Amino acid sequence: MHGTLAAPAHAELSLDGQQRIDTVLHAATMRLRSPQLFKDVVLSLLHVAEVTRNPAASEEHYTQVIKASETGIGAKLDRAYPGAGHEADALVRIGALAESDPVYREIGVVLNGLVNELPASPQRYDDWRQSLSSQRSADAEAAVVLRGLNEKAAATIRELSAQRGADHPAVRAWNAEIGADSGITASATTDELLQSSPLKDAVDLQAIMKFPPSDPKHKEEIVKQMNQLLAKSNENVKQTVKDIEVLHNGSDGAFLWVTYAPPTPPSAYDLAAERAKTRQESINAAGEGLRLLTSILGLTNPKEAQKMAAVCDGVIKVATAVNEYLPKIAGKGWREAVFSAGTADLAKTVITTVVALLPLFQAGQPSPEEMILKQVGELRQQVAGLHNAMNEQFTRVNKNLNVIYTEMLGKFDEVLKLQQVSVAQLTQIQGQLHGIEQKVDTWSSEIIKSLQNDHLKNVRAALSQHLRYRETHQQPIPTVGEFDSTMNLVHFAGTSQAREAPFVPSRGSYPTHENDPVAALDLYEETGGAIGFLTWYGNRKYGWPAGVPAGVAEIPNAAVWLSMATGYRQLAAENPVYAAQMNPQRTADLVAAGRDIDDAVDALSTPAPTPNPDGSHTNKLYTGLVEDYKNAATDFNAALLPLQKQAVDNKDYKLFGTADQAIATQPAPPDIVPFCTGGSGQGPIINLERPANVTYSGNAIPMARYAFPEGSRPTLGYCHQFALTEDSITSTLSVTMHLRITWPSAPGQPANPPQTLRTWTKTWEVPTVCRKPDSSPEPPSVCNPSQYYLDRWVSGGYRQSFAETATLTEYPEPQQAVRTQVTRFLTERQKGYYDAVVTELTTPGKPLFQANAELSTALRLLQAYTAAGFPTALDDDELLQVLLHGAERLPADTPGETTITTIFRTAQNTYSSCAATPDAACAATLNPFAGQQHAWLTNCLTWYKNQLPVARWSQDPLANTIAAFAYHTADTLRLRYDHHSKNLKQKTYTETLAPVTTAHKLLETYDTMTRPSAR
């Protein structure tokens, strides 16, 4: 141990800071040492809740409650901390436990609080957990929540001990029943925690704490120790790569371990697994040490600590992925080694890590320490070394694999060279990484197909040789042994191989596929090898059906089974004498495998045991799938809102409204109307109080003044003119009020003259108050008749009279010009909006891209589960076919038809003639529905107003119509599910894959007919 914290030279940490370090140490020790980590975490939280309810109970009582809770939890959480890539799986299991019984409510409350602390917008835990399966970042976010749960348990237990004392019955009970699993007590000091933790050789707290946090050397020491731990992790990666380098191809094409061990050494896999296990313990300890160091740094530099943590987590994740890769390829044939999910998973892990590093380089953000980034660069070299070690094998199998890895490493280099770059540059790199990731997905698909072909090569050759043998060779198959050999291959393929990888996803890969179920469907097909995965996934996410119990054989690949069953029956029919001599168990095994497929199909669509609250009989799997699709449609519409706000500069007007739309707050007209410059009249310029009728009642001008950018807004002006015509007895006073609009001129151009929008005129006959004497050659110097009357504008009743009887004259041309300008402005903004929508839809990493992907996943799952669970209904029900696959199917993008993207591209093309500059040509009105190819879209322009709840409207009528149609079709689909569920409930029919059912029934029939003992 590196010293002690008993009396540090400079202890400027607050009590809260010291408690934080102890909590992190406590949690890390549990993670590294507890054989049942999350069980202990859950029990700790439940124990604190019990102490709160019963604070004065005995130690025996607390012990009994802990044991009862442990029995209640059972085997659900009996596992150690999951490795990288399985965090979402662990979190979903804990969440399911929290929801299974009110007694575990405390766990759900804690989880909800932790999810609300994620960087994304706050959301309820159960909503977030449901979205885990469709997010690539699920494991990263789940890891954050799991660490938080672990640390929350540690903090509450330590607080309990601090408040009630180490000798309290509740504390003693925790120490004996839970803390003993990790070798720690609730009141353990920092020294004791370090002594009992694998971190004692990883972190030197004394070296850090001898400097006060304000001293730069405090941070320097933290960064130095981080660098040492990262180097240690990279050394493990280097050793893994060296181990891979010493693998070589044996005579059978297998990767063997070059070793000088005794004559009967352990298998290559066992040896690789043992070495990987030892290295992983070191990697895990380095990871926990890094988390402790970033926690200490976070006490004084939280933002910088967050950046450092992102880099460190990425390094540990890649180190773990490389280390786990070795056992996956050891002892396998070189083709199997390259053609494995492990190779693809490793590539994706590296890509994900590089993507996670991108935000650290955005302009204005502090860059990670140079020493830390140097270790990231070293890690990149180790990944390159791994590529070099496998280079020959990659080339032998598929030269594209080298291209993919080379591109990936190139992007890694590009990121490491970044300094301060714009968001646009980061987005471009992220898009390029997404392209590489798509190549990895394509590669995975090619791998599966190639492996499947290889595995069936022998049996297909045998069937090809012996089917129609008599017809081809004019004689029967020479011997029963030759016949049996082929039937053995067919039986093995149909009953065993069809249940195993590469024809179905392996059980161990289920959690990986859970994060991206569509990838599993693309690889194995819903009515082929993915039926077992769909059963498991439905149970995990929706609690239906019961799933494939552990230990039960995997559900066979239906396509493989069907081809083998057909070949088996045909070969037996062509050779009845030989067939009669076969072991009858062969046919029984093949029939049983076919029935397993039918049973799985039936389990998916089995109606709910009791009617739902709305009277429907659809089980919760299909009810949940429909709701997830509707939620995804809502989320997609919501993801458009930021782009709509951006289009209107975050102002409160309707992007797709009219020029005359009302603005919430309109500026009031002035109280005083000045004299019009250059107007006619006598006497001095006089300001008049505005009559009540002198105002502008339209909306177009206020809209322009509110919405237009600074420098383009028109100004409104009020002024008056007056004239007095005198005669000897009576005079005529005329007052005209003007409302004028003035548009700003272009830079360097003369000012635009004002344009009159309205005038109000009133004339009065008034007594002459000042006459010029006939004998006087000059007018009276003190007489000002105009001012006399206007001074009495209010008191003399002129303003009131003007308000009541003045003549209004409208000037429509300038008013219409305003409407045209506003309409054009809105059209330009609409164009900018649709440009932004298409850009975000097609840019990986953007929120709209992700929302669209989730909508696509929701549709793909509906299609898959309907094909796998309601195949008979899908064949017979034309409406069901239309809803899922027809021209009026649920809107979403699919590889064959990008409905959503095409709709918005069409709108963008409609607006393409409109340039987004005020002085460019732009049609006054453009219609986003113009040119759309979907009848449901063009026939329902305002249909959403009757179908979509107002609370879910966006400003875009096109988007609203898509959402409304999505709701309508989803509800119609739900009714179709219910219709068929009722028929299943009434046993009107059963759901099976018809070709499979027919095949295994024919096998049974043929066996009965040809073998007397089977009758």
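Residues numbered from 1 in each chain as written. Predicted model: local features only at pLDDT ≥ 70, side-chain atom pairs only at ≥ 80, totals over all residues. Heavy atoms only, no water.

**A closer look at unusual backbone geometry**
Thinking step 1. Of the consecutive residues Ala501 and Pro502, the connecting peptide bond is found in the cis state with omega at 10°.
Thinking step 2. Looking at where Pro502 falls in the secondary structure, it is placed in the loop between α20 (480-495) and α21 (510-514).
Thinking step 3. Positive phi outside glycine occurs at Arg468, with the angle close to 60°.
Thinking step 4. Within the secondary structure, Arg468 is located in the loop between α18 (423-466) and α19 (469-473).
Thinking step 5. On the accessibility criterion, Arg468 (45% relative accessible area) is partly exposed.
Thinking step 6. The backbone of Gln474 sits at a positive phi, close to 60°, despite the residue not being glycine.
Thinking step 7. Take Gln474: it is sitting in the loop between α19 and α20.
Thinking step 8. Take Gln474: its relative accessible area is 66%, and that puts it in the exposed class. (Helix = DSSP H or I, 4+ residues; strand = E, 2+ residues; numbered from the N terminus. Buried < 20%, exposed > 50% of the residue type's maximum accessible area, 1.4 Å probe, protein only.)

**Focus: the state of the cysteines**
Thinking step 1. This structure, assessed with the given rule, holds one disulfide.
Thinking step 2. Here Cys676 engages in a disulfide with Cys719; their sulfurs sit 1.9 Å apart. Here the disulfide of Cys676 and Cys719 is right-handed, its torsion about the S-S bond being about 85°. Residue Cys676 is found in the loop between β3 (672-673) and β4 (688-689), and its partner Cys719 is found in strand β5 (residues 715-726); the two are separated by 43 residues along the sequence. The same class applies to Cys676 and to Cys719, which are both buried. (Disulfide = S-S within 2.5 Å.)

**Quick word on the confidence of the model for the protein**
Thinking step 1. Confidence along the protein averages 76 in pLDDT terms, with 70% of residues attaining 70 or more.
Thinking step 2. Predicted confidence for residues 333-341 stays below pLDDT 50, and this span has 30 contacts to residues more than four positions away or in other chains.
Thinking step 3. Taken together, the stretch residues 418-423 has pLDDT below 50 and engages in 17 contacts with residues farther than four places along the chain or on a different chain. (pLDDT = per-residue confidence, 0-100. Contact = heavy atoms within 4.5 Å.)

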